[in-house]
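Survey of secondary and tertiary structure
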Amino acid sequence: FAILPRASRLVIKRQPGDTTSRQPLAEQPIVGLLGADGTAVTDEQVNVHAYLSGSAPGVVLSGTRDTYTVLGAATFTDLMITLPGDVFSASVLVTFESQVGPAELRSTLDVQSRALLVLHPAALLRIQTEPSLRNPAGEPLGDIPVQMFDTGG
């Protein structure tokens, strides 16, 4: 007789956070493994794989995309999303997937994150200009000092 796995679903215990392209997610996701009764399955170690779903071409998820559950939770530590150079923002979904059970009874469990906002670093620049107060109305401003600030920190 075959032993059925106790694990029956994945849940996101901590949602991944919005981010800047090429920076680790500020909130790294934690995915929980639950049994049919809704309790954590702490005595099985299963691999959980993270991937992007429904994102624009060229958007890449990098970092350690495979991790094992420990005491019922898979903790990701260094996921990062990179946008192509000509994309200044994107909304992406991260899907987490695991396969449980023996080969002949294997089933796939998956869960999808909320939509994440990913901004290109250039989208975080704020440009401040300081025109002279002495210019008469309708006259060209001439040279204007330009200051750029990284609003993302």
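See the structure shown above.
Sequence order sets the numbering: in each chain, residues are counted from 1 along the sequence as written. Owing to the predicted nature of the model, reporting of local features is limited to residues with pLDDT of at least 70; listing and counting of side-chain atom pairs is limited to 80 or more, with chain, interface and lining totals taken over all residues. The basis for every side-chain value is the complete set of heavy atoms in the structure, and neither hydrogens nor water enter the calculation.

1. A short note on the packing of aromatic side chains
Within 6.5 Å between ring centres, the rings of Phe, Tyr and Trp (the latter by its six-membered ring) count as paired, and their orientation is classed by plane angle as stacked under 30 degrees, edge-to-face over 60, tilted in between. For the coordinates displayed, the defined rule picks out one aromatic pair. Where F76 meets F96, the ring centres are 5.4 Å apart and the plane angle is 45°; that geometry is what we call tilted. Here the residue F76 occupies a position in the loop between β7 (73–75) and β8 (80–82), and F96 occupies one in strand β9 (residues 89–100), the gap between them amounting to 20 residues. Accessibility expressed as a relative area gives 1% for F76, which makes it buried. Strands here are runs of E lasting at least two residues and helices are runs of H or I lasting at least four, both read from the DSSP assignment and numbered beginning at the N terminus. Burial classes: relative accessible area under 20% of the type maximum marks a residue as buried, over 50% as exposed, and values in between as partly exposed (1.4 Å probe, protein chains only).

2. Overview of the environment of T64
On the secondary structure map, T64 appears in the loop between β5 (60–62) and β6 (66–68). The exposure class of T64 is partly exposed, given its relative accessible area of 41%. Through-space distance from the C-alpha of T64 to that of T77 is 7.4 Å; in sequence the pair is 13 residues apart. The contact rule is simple, with two residues in contact once any of their heavy atoms fall within 4.5 Å. Residues within four places of T64 in sequence aside, it is in contact with F76, D78 and L79.

3. Overview of the nonpolar core
Residues belong to one nonpolar core when they are buried, are Ala, Val, Leu, Ile, Met, Phe, Trp, Tyr or Cys, and are joined through side-chain atoms within 4.5 Å. Ranked by size, the top nonpolar core spans 28 residues in total, and within it F76, I81, V92 and F96 carry the most contacts. Looking at this core, the elements that each hand over two or more residues are β1 (7–14), β3 (30–35), β4 (47–53), β9, β10 (107–112) and β11 (116–119). Each residue touching F96, except ones within four places of it in the same chain, is listed here: L10, I12, P29, V31, V48, H49, A50, F76, L109, D110, V111 and S113.

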